[in-house]
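Per-entry structural report
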Amino acid sequence: MPLGVCEMSRRGMRLDDMLAGDGASIRECLTIIDTHDVGTVFVVDHAGRLSGVVGEREIRRALISGAQPDDPVAGLVGSPSATARPEEGRAEVLDVMRALGVGEIPIVDGDGRVVGVHVDTDVVGAEPLPHWAVVMAGGRGTRLAPLTDAVPKPMLPVAGRPILERIVLHLVGSGIRRIFLSVNYLGDIVEQYFGDGTAYGCTIDYLREEPDRPLGTGGALGLLDDLGERPDAPVLLMNGDLVTGFSVADLLAAHEALGGVATIATAEYEHQIPFGVLESDAGRLIRIVEKPRRSWAVNAGIYVLSPSLMARVPRGKLFPITRLFDDCLASGERIGLWPLRDSWQDIGRPDELAHARGQR
């Protein structure tokens, strides 16, 4: 069973289903709890700002002590155990929920307004996006052996959760409700863990590569056709071995604003030269720069692709996604670059995995 989720899906619940006004009665709050199978009701003022929370336990104690169902609930309202910021990662919020033993945490913006609620299998109030996400999770991970001898690389745990689970939770928390996982090496482990995605508040389908015929970072997109699936909106494609909290909404907005066929997320790679660098002109020393740092924009393994590009991915062949970008550039098509502002860690080598786990 995946950590922090349960079997019951709560998709379809509206944010208003979990909120009550300052003047609500005990009966109204208990009705919300019983109707929507939640443990708490969040009380807000006329502007939607969080006033507090009331739980089923407090309500039932009050009724036992003589309170009447039509009495105002205001006297029972207390402070929430925790709140979440809109930009906070879903995996981290679920970890807090598990630690506190609560089933719901409100999302509160900078003005104190409740803009959503994290529940076990969904983010209530998050606007579903029409975009699909394809996550490449079929790599062998030979550089991480022997850790990957019996576990696929994307399923290696970081801070108590498989890397791939963190990605799925992040996508769902960002509004993605349709996810395709490309699997190959030990793919059955991935499929058994995630199932159909119900426990995560999304639909998960699998793009299955032939074990002896890996398709590379782009070839799995051709398998969408085998499922009879064709996207209507730009597709988010990303590697399954990334630990990152990038803004899905900002990346998609940047892609739309550019108007190109693809957008590549970039990370900054910095290297310090361990020597004093001598700068010269015509054989004469100009200056000495001690141990300078240089940085470059590198491919972060996260992309947005226009639907028209799907037909240009060959079927059943090894196809690096960079080849598609080369073809686009050769045709004079525009490809945008979007610099990541959030944390990003590729997990491809033992030292990178150790860094993500806080071991160095």
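Residues numbered from 1 in each chain as written. Predicted model: local features only at pLDDT ≥ 70, side-chain atom pairs only at ≥ 80, totals over all residues. Heavy atoms only, no water.

Quick word on the packing of helix α4 (residues 163-173) against helix α5 (residues 187-194)
- Orientation of α4 relative to α5, taken along the N-to-C sense of each, is 45°, at an axis distance of 11 Å. The orientation of α4 relative to α5 falls into the category oblique. Considering only the axes of α4 and α5, their crossing is right-handed. Between α4, through Leu164, Glu165 and Val168, and α5, the contact on the second element is made entirely by Val190, Tyr193 and Phe194.
- Here the residues of the contact of α4 with α5 sort into five nonpolar, no polar and one charged. (Axes fitted to C-alpha atoms, helices over the stretch in contact; angles between N-to-C directions. Helix = DSSP H or I, 4+ residues; strand = E, 2+ residues; numbered from the N terminus. Parallel < 35°, antiparallel > 145°, perpendicular 65-115°, else oblique. Left-handed = near helix turned anticlockwise from the far one by under 90°. Contact = heavy atoms within 4.5 Å. Nonpolar A, V, L, I, M, F, W, Y, C, P; charged D, E, K, R; others polar.)

Digging into the pairing of strand β4 (residues 105-108)
- Here β4 shows no split at all, with Ile105 and Ile107 on one side and Pro106 and Val108 on the other all buried.
- Here β4 runs beside strand β5 (residues 114-119); their pairing, made up of four bridges, is antiparallel. Within β5, the position partnered with Val108 by the bridge is Val114.
- The antiparallel pairing of β4 with β5 creates a hairpin that spans five residues between the two strands, and Gly112 there sits at a positive phi of about 85°. (Buried < 20%, exposed > 50% of the residue type's maximum accessible area, 1.4 Å probe, protein only. Pairing = 2+ DSSP bridges.)

Focus on the nonpolar core
- One finds Val168, Leu171, Ile179, Leu181, Phe194, Leu236 and Phe246 to be the most contacted residues of the largest nonpolar core, which totals 48 residues.
- No fewer than three residues from each of domain 1 (15-119) and domain 2 (129-357) sit in this core.
- The contact partners of Phe194, leaving out residues within four places of it in the chain, are Met155, Leu164, Glu165, Val168, Leu181, Tyr200, Ile204 and Tyr206.
- Core analysis: the next-biggest nonpolar cluster, separate from the first, contains 26 residues, Phe180, Leu215, Leu224 and Leu305 among them. (Core = buried A, V, L, I, M, F, W, Y, C linked by side-chain atoms within 4.5 Å. Domains from an automatic or database assignment.)

Describing the pattern of salt bridges
- With the rule as written, the count across this model stands at 24 salt bridges.
- With its nearest N and O atoms 2.8 Å apart, the salt bridge here joins Arg287 to Glu279.
- Sharing partners across several salt bridges, the network here consists of Glu92, Asp95, Arg98, Arg161, Glu165 and Arg166. (Salt bridge = Lys/Arg side-chain N within 4 Å of Asp/Glu carboxyl O.)

Considerations on the UniProt feature "domain: CBS" (unreviewed entry) in the protein
- Here the UniProt feature "domain: CBS" (unreviewed entry) sits at residues 8-72 and 77-134.
- Measuring from the first to the last C-alpha atom of residues 77-134 gives 43 Å, for a span that is 19% helix and 33% strand. (UniProt positions renumbered as here; feature names shortened; annotations may be inferred.)

Here we look at the domain arrangement of the protein
- According to the domain assignment, the protein contains domain 1 (15-119) and domain 2 (129-357).
- Computed over C-alpha atoms only, the centres of domain 1 and domain 2 are separated by 37 Å.
- Contacts between domain 1 and domain 2 engage five residues on the former and five residues on the latter.
- Each partner contributes to the roughly 530 Å² buried at the junction of domain 1 and domain 2, and carbon and sulfur atoms together form 47% of this total. (Buried area = accessible area lost by both parts, 1.4 Å probe.)

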